[in-house]
Amino acid sequence: MVAGAVTVTFAGSGDAFGSGGRYQACVHVRPPGGAPPVLLDCGATSLAALRRCGLDPGEIAAVFVSHLHGDHFGGIPFLILNGQFAGRVSPLTVIGPPGTARRLPELMEGMFPGSSGVRRRFAVEVAELRPGAAVTAAGVRAEGFAADHPSGPDGPALALRLILGGPAGDTVIGYTGDTAWTDALVDVAAGADLLIAEAYYRDKVVPYHLRHADLVAHAGQLASRRIVLTHMSADMLDHLDQARFETAADGLVLRV
Ligand SMILES: [Zn+2]
Ligand SMILES: [Zn+2]
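Reading the values: rules and limits
Residues numbered from 1 in each chain as written. Chains lettered and ligands numbered in written order. Predicted model: local features only at pLDDT ≥ 70, side-chain atom pairs only at ≥ 80, totals over all residues. Heavy atoms only, no water. Helix = DSSP H or I, 4+ residues; strand = E, 2+ residues; numbered from the N terminus. Donors = N, O, S within 2.8 Å, 3.2 Å for Na, K, Ca; no water. Tetrahedral: all angles 85-135°; square planar, octahedral: opposite > 155°, others 65-115°. Core = buried A, V, L, I, M, F, W, Y, C linked by side-chain atoms within 4.5 Å. Buried < 20%, exposed > 50% of the residue type's maximum accessible area, 1.4 Å probe, protein only. Contact = heavy atoms within 4.5 Å. Phe/Tyr/Trp six-rings, centres within 6.5 Å; stacked < 30°, edge-to-face > 60°. Lys NZ or Arg CZ within 6 Å of the ring centre and 35° of its normal. Disulfide = S-S within 2.5 Å. Pairing = 2+ DSSP bridges. Axes fitted to C-alpha atoms, helices over the stretch in contact; angles between N-to-C directions.

A. Broad picture of unusual backbone geometry. In the Ramachandran plot, Asp41 falls in the positive-phi region, its phi being about 65° despite a non-glycine side chain. Secondary-structure assignment places Asp41 in the loop between strand S3 (38–40) and helix H1 (46–52).

B. Region of interest: the coordination of the zinc ion (ligand 1). Within the protein, the zinc ion (ligand 1) binds to His67 (NE2), His69 (ND1), His149 (NE2) and Asp178 (OD); these donor distances fall in the range 2.1 to 2.5 Å. Coordination at the zinc ion (ligand 1) is irregular, judged from the four donor atoms that bind it and the angles of 89 to 171° they form at the metal. Mapping the donors of the zinc ion (ligand 1) onto the primary sequence yields the spacing H-x1-H-x79-H-x28-D. The zinc ion (ligand 2) is placed at 3.5 Å from the zinc ion (ligand 1), the two being bridged by Asp178. On the criterion of sequence distance, the pair formed by His69 in the loop between strand S4 (62–64) and helix H2 (70–73) and Asp178 in the loop between strand S10 (171–175) and helix H5 (184–189) is long-range, its members being 109 residues apart.

C. Layout of the nonpolar core. If you look at the biggest cluster of nonpolar residues, it comprises 28 residues, and the most contacted ones within it are Val8, Leu40, Phe64, Leu162 and Ile173. The set of elements that each furnish at least two residues to this core consists of strand S1 (7–12), strand S2 (26–30), S3, S4, strand S8 (140–146), strand S9 (158–164), S10 and strand S11 (194–198). At four residues, the largest contribution of residues to this core is made by S9. Aside from chain neighbours lying at most four places away, what touches Leu162 is Val38, Leu40, Phe64, Val140, Arg141, Ala142, Thr171, Val172 and Ile173.

D. Broad picture of the packing of aromatic side chains. Scanning all chains against the criterion turns up two aromatic pairs. Between Phe78 and Phe112, the ring centres sit 5.8 Å apart and the planes meet at 85°, which makes this aromatic pair edge-to-face. In this pair, Phe78 is assigned in helix H3 (residues 76–85) and Phe112 in the loop between helix H4 (100–111) and strand S6 (124–128), connecting sequence segments 34 residues apart. Ring centres 4.9 Å apart and planes at 80° place the aromatic pair Tyr200 and Tyr201 in the edge-to-face group. Here Tyr200 and Tyr201 have matching classes, each one buried. We note Arg88 situated over the ring of Phe122; from NZ or CZ to the ring centre the distance is 5.4 Å.

E. Spatial organisation of the state of the cysteines. This model, assessed by the stated rule, comprises zero disulfides. Looking at Cys26, it has no disulfide partner, and the nearest cysteine sulfur is the one in Cys42, 5.4 Å off.

F. Spatial organisation of H3. Buried residues of H3: Ile76, Pro77, Leu79, Ile80, Leu81 and Gly83, and no others. Looking at the buried side of H3, the elements it contacts are H1, S4, H2, strand S5 (92–96), H4 and S6. Downstream of H3 by a residue or two, Gly87 has a phi angle that is positive, lying close to 75°.

G. Layout of the sheet that holds strand S14 (residues 252–255). Across the sheet, which stays open at both edges, the seven strands sit in the order S6-S5-S4-S3-S2-S1-S14 with mixed pairing between neighbours. In this open sheet, the two edge strands, each paired with only one partner strand, are S6 and S14. Each strand axis lies, on average, 20° off the axis of its neighbour in the sheet, ignoring direction. The sheet contact formed by S5 and S6 spans five bridges and is parallel. Bridge assignment links Val94 to a residue of S6, and that residue is Val126. In the packing of H3 onto the sheet, contacts are made with S4, S5 and S6, and the angle to S5 comes to roughly 170°.

H. Structural view of the coordination of the zinc ion (ligand 2). The protein atoms donating to the zinc ion (ligand 2) are Asp71 (OD), His72 (NE2), Asp178 (OD) and His231 (NE2), with metal-donor distances spanning 2.1 to 2.2 Å. The site at the zinc ion (ligand 2) holds four donor atoms, and with the angles between them running 90 to 165°, its shape is irregular. Sequence spacing among the residues donating to the zinc ion (ligand 2) works out to D-H-x105-D-x52-H.

I. Main features of the pairing of S8. Counting buried positions along S8 gives five out of seven residues, so the element sits mostly inside the fold. Where strand S7 (residues 134–137) and S8 come together, four bridges link them in antiparallel fashion. In the strand pairing of S8, Ala137 is matched with Val140. Following S7, the chain reverses through two residues before pairing antiparallel with S8; Ala138 in that reversal takes a positive phi of roughly 50°. Bridge count for S8 against S9 is seven bridges, and the pairing is antiparallel. By the bridge assignment for S9, Ala146 is matched with Leu158.

Next up, the structure:
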């Protein structure tokens, strides 16, 4: 791993409800060597979030979706339609948990009737990723882990590991998505260069979400080089000075 190999931009670091004025989940990952960028999640506000950072939605080659909630995949219809109207020709791959191939067209039809079946100049491929499986898209390998966060009838939400090859070796980015604490996160973090971790509340008990207190309690098991917190509620954002880990903000750029 060489510093500067992979550029990670937190275009959106917020929760579903705009806490702190932040955009919904959207992490832009640019591989080394001029390969096209990919997204980790694409919440409903993501096109605004990307443009705010000066990032071109049209060059995104793949979106890796942790789960099928609007603040994590609600921006994909806008991404696809933007490509359609901007003359995009390069393919877009969407990788998500079981149910993505059904839920994405349903979402598009709900938002823009007729949009899911339209002929476009670029292909939109959808691949479903199950816990324990892996898929490669746009040159990035993604491994799926079962998260504890109900988001539909088709299967579990995912925590993800992205593996990006480069001249100096692999860079590994772990991402919890939204989840209650699960020991699968130990595997997501193991040996990662960066773990992007939800920290929804400090210590208030909220089902199916990670708290700062959970991450503190399990810090010894999270063997990543670096941990950055995201998806924070107002309760967490109001106490950032007490955070025991680095915290994301919209526009934060990391080189890992
Ligand atoms: Zn969620
Ligand atoms: Zn969420």
